[in-house]
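Understanding the architecture of this molecule
Residue strings, one per chain:
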Amino acid sequence: MKILMVSAEVVPFAKTGGLADMVSALSIQLIKMGHDVRIVMPRYYKIDRKKLELLPGPMAVAAGQGETWTAVYKTNMPGCEKLPVYFIDHEQCFGRDGVYGTPWETDFHDNPYRFSVLCHGAFQLCRKLGWYPDIVHAHDWSSCLAPVLVKNVCRYCGFEHTASVLTIHNQGYQGQYSKDQFPALGIDWGFYYGAGFEHNGGMNFLQAGVSCADMITTVSPTYAREIQTAEGGFGMDGLLRVRSDVIRGVLNGADVSQWNPEVDKRIPFNYSAKDMSGKAKCKADLQKKMGLEVDPNIPIVGIVTRLVDQKGIAEVFAPTYGSIFSICANMKVQFVVLGSGERWCENEILTLQSKLPNLRAYIGYDENLSHLIEAGSDFFLMPSKYEPCGLNQIYSMLYGTLPIVRRTGGLADTVENYNEQTGEGTGFVFDQLTPSAVYNTVGWAVWAYYNKKDHIKKMQQNGMKKKFGWDLAGKAYEDVYKEALFRGCGIRS
């Protein structure tokens, strides 16, 4: 099949979250399976034109209330020469720092126009290349105009045999804007209601994408069910239940070329399930690097996260009974935190660090340190309110680090709860997100560490033997694409 990925972010060119990793990894997997895959994304300011190939001739894009002109650049995906990546170059829209916004303007006021240029540009690019895809695969709200165009506009203008797939990476981000910005989309006003944009008097990009896509996927099976509930749907659960027949949950894979303790170049000592001695050395290195007491007998709990409400930060870091202060004060345990986000939480972590000798933090992000935390920790805490897929719990298991997670989304699909009788499982799971639940579950893990060492070792082995590559996800998306072609175009394959 010919597959066009439309995304606002793609690793290694631009990234704000796991979406960027997924687009690259899935595309590479589909190439390996013999499909013709191409990616289109914006050329942001930080993406150097000098390292890209300029396609000849400007390209007219019918966004807004008239045509605008763009250039198109091209390169190949690093490590996958068969995967071309195209960049829509429009200085007014994308010649700035930030993908969706900046710390001082968290959501660019002209995002509706910016991403309409991307989506209209994607179809113009296909015409320019003379390459018409079987599938247009859109990712999250910023690409949701693409399935709208497939269904209502382009299917009658050269894309008769093209179907659309929308992947919802995070239902909490929907792209909601004033109705006044609808003309920026470059489509007829009739589609404001007809394509499903209207939402409480404004417009909602994700709602339109869900209304128009031939097939919809989420990044884990449990999350596919959760978004159809009042708690997980963020106001769209009714529409998602109406469209439940086309929703599929496909668990993301992990990039095991980058996250593999046997070959990881970012950690000081490599190791495997057969020989774990390198993990103990990584633990000592982590303790030394972070200024903790170097003691192999004290368990380390690692946290690598965005410090935002979705990740359960209030229940862990807010100064309430049962939070991390209580854990560190009452248990023989060490904590290492890597992350950035909400200012109150950053400040609270720094305050806690000054009071607690067994808690150390790095505010910001450091790729090498994130790998070392996964390798050197004994446990990894992910108490998310919701987690569409999650990757850190997967990395943790591959590195012999036992996740402590809330039973939600991809965490529920990947982590098997510890069985005290048999020692089976790959982590520690709780249900209600409260400080006491976090406290008790960390306490349970620490108790097992000191009293059930044979079980801990067995669980580490279980996790490290799990398979989290992209081959299974690739096959699942093949099935989704075939169903989209049948539903959208009546094409059986």
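First, a word on scope: everything that follows refers to the structure included in this document. Note that the coordinates shown come from a computational prediction; the quantities given were computed from them, not determined experimentally.

So, about the sheet that holds strand S11 (residues 202-204). With antiparallel pairing, three strands are arranged side by side in an open sheet as S9-S11-S10. A strand with exactly one partner marks an edge of an open sheet, and here the two such strands are strand S9 (176-177) and strand S10 (198-199). Packed onto the sheet, helix H6 (residues 205-212) meets S9, S10 and S11 and runs at close to 55 degrees relative to S11.

We now examine the sheet that holds strand S14 (residues 300-307). Read from one edge to the other, the open sheet built from six strands follows the order S16-S15-S14-S17-S18-S19, with strand pairing classed as parallel. Where the open sheet ends on each side, the last strands, each with one partner, are strand S16 (359-363) and strand S19 (428-430). This sheet shows a mean twist of 15 degrees between the axes of neighbouring strands, independent of strand direction. Bridge count between strand S17 (residues 379-382) and strand S18 (residues 402-406): four bridges; the pairing is parallel. For Phe-380, the partnering residue across the bridge sits in S18 and is Pro-403. Against the sheet, helix H17 (residues 453-464) makes contact with S17, S18 and S19, and its axis sits at roughly 85 degrees relative to S18, the strand it touches most.

A few words on unusual backbone geometry. Residue Pro-12 is bonded to the preceding Val-11 through a cis peptide linkage, with omega at 10 degrees. Of note, the phi angle at Asp-140 is positive, near 65 degrees, even though the residue is not glycine. With respect to the secondary-structure elements, Asp-140 resides in the loop between strand S7 (135-139) and helix H4 (145-152). Unlike most non-glycine residues, Phe-234 shows phi in positive territory, near 50 degrees. On the secondary structure map, Phe-234 appears in the loop between helix H7 (221-226) and helix H8 (237-242).

Now for the packing of H4 against H6. The interhelical angle for the contact between H4 and H6, taken along N-to-C directions, is 40 degrees, at an axis separation of 8 Å. Considered as vectors, H4 and H6 are oriented oblique to each other. The two elements H4 and H6 meet at a crossing, and its hand is left-handed. The segment H4 lies against H6, with Pro-147, Val-148, Lys-151 and Asn-152 engaging Ala-208, Gly-209, Ser-211 and Cys-212. Residue composition of the contact of H4 with H6, by class: four nonpolar, three polar and one charged.

Before going further, it helps to spend a moment on the pairing of S14. In terms of burial, S14 is largely enclosed, as seven of its eight residues are buried. Taken together, the two bridges between S14 and S17 define a ladder with parallel strand orientation. Directly across from Gly-302, in S17, lies its bridge partner Phe-380.

Okay, the environment of Val-337 next. The topology assignment puts Val-337 in strand S15 (residues 334-341). Given the relative accessible area of 1%, Val-337 is considered buried. Along the primary structure Val-337 and Thr-305 are separated by 32 residues, whereas in three dimensions their C-alpha atoms are 8.1 Å apart.

Time to look at the side chain of His-455. For His-455, the location among the structural elements is in helix H17. For His-455, the contacting residues outside a window of four places in its chain are Tyr-418, Asn-419, Glu-420, Gln-421, Thr-422 and Gly-423.

A few words on the pattern of salt bridges. A complete count under the given rule lists 18 salt bridges for this structure. Residues participating in the shared-partner salt-bridge network are Arg-43, Arg-49, Asp-89 and Glu-91.

Counting buried residues in S15 gives six out of eight residues, a clear majority hidden from the surface. Bridge analysis of S14 against S15 gives eight bridges, and the strand direction is parallel. In the strand pairing of S15, Gly-302 is matched with Val-336. Relative to S16, S15 runs parallel, the two sharing five bridges. Within the sheet, the bridge partner assigned to Gly-339 lies in S16 and is Ile-363. For the segment spanning S15, helix H12 (residues 343-355) and S16, crossover handedness is right-handed.

Reading the values: rules and limits
Residues numbered from 1 in each chain as written. Predicted model: local features only at pLDDT ≥ 70, side-chain atom pairs only at ≥ 80, totals over all residues. Heavy atoms only, no water. Pairing = 2+ DSSP bridges. Helix = DSSP H or I, 4+ residues; strand = E, 2+ residues; numbered from the N terminus. Contact = heavy atoms within 4.5 Å. Axes fitted to C-alpha atoms, helices over the stretch in contact; angles between N-to-C directions. Parallel < 35°, antiparallel > 145°, perpendicular 65-115°, else oblique. Left-handed = near helix turned anticlockwise from the far one by under 90°. Nonpolar A, V, L, I, M, F, W, Y, C, P; charged D, E, K, R; others polar. Buried < 20%, exposed > 50% of the residue type's maximum accessible area, 1.4 Å probe, protein only. Salt bridge = Lys/Arg side-chain N within 4 Å of Asp/Glu carboxyl O. Right-handed = clockwise from strand over helix to strand, strands pointing away.

From the geometry alone we can't say anything about function, so treat these as descriptive.
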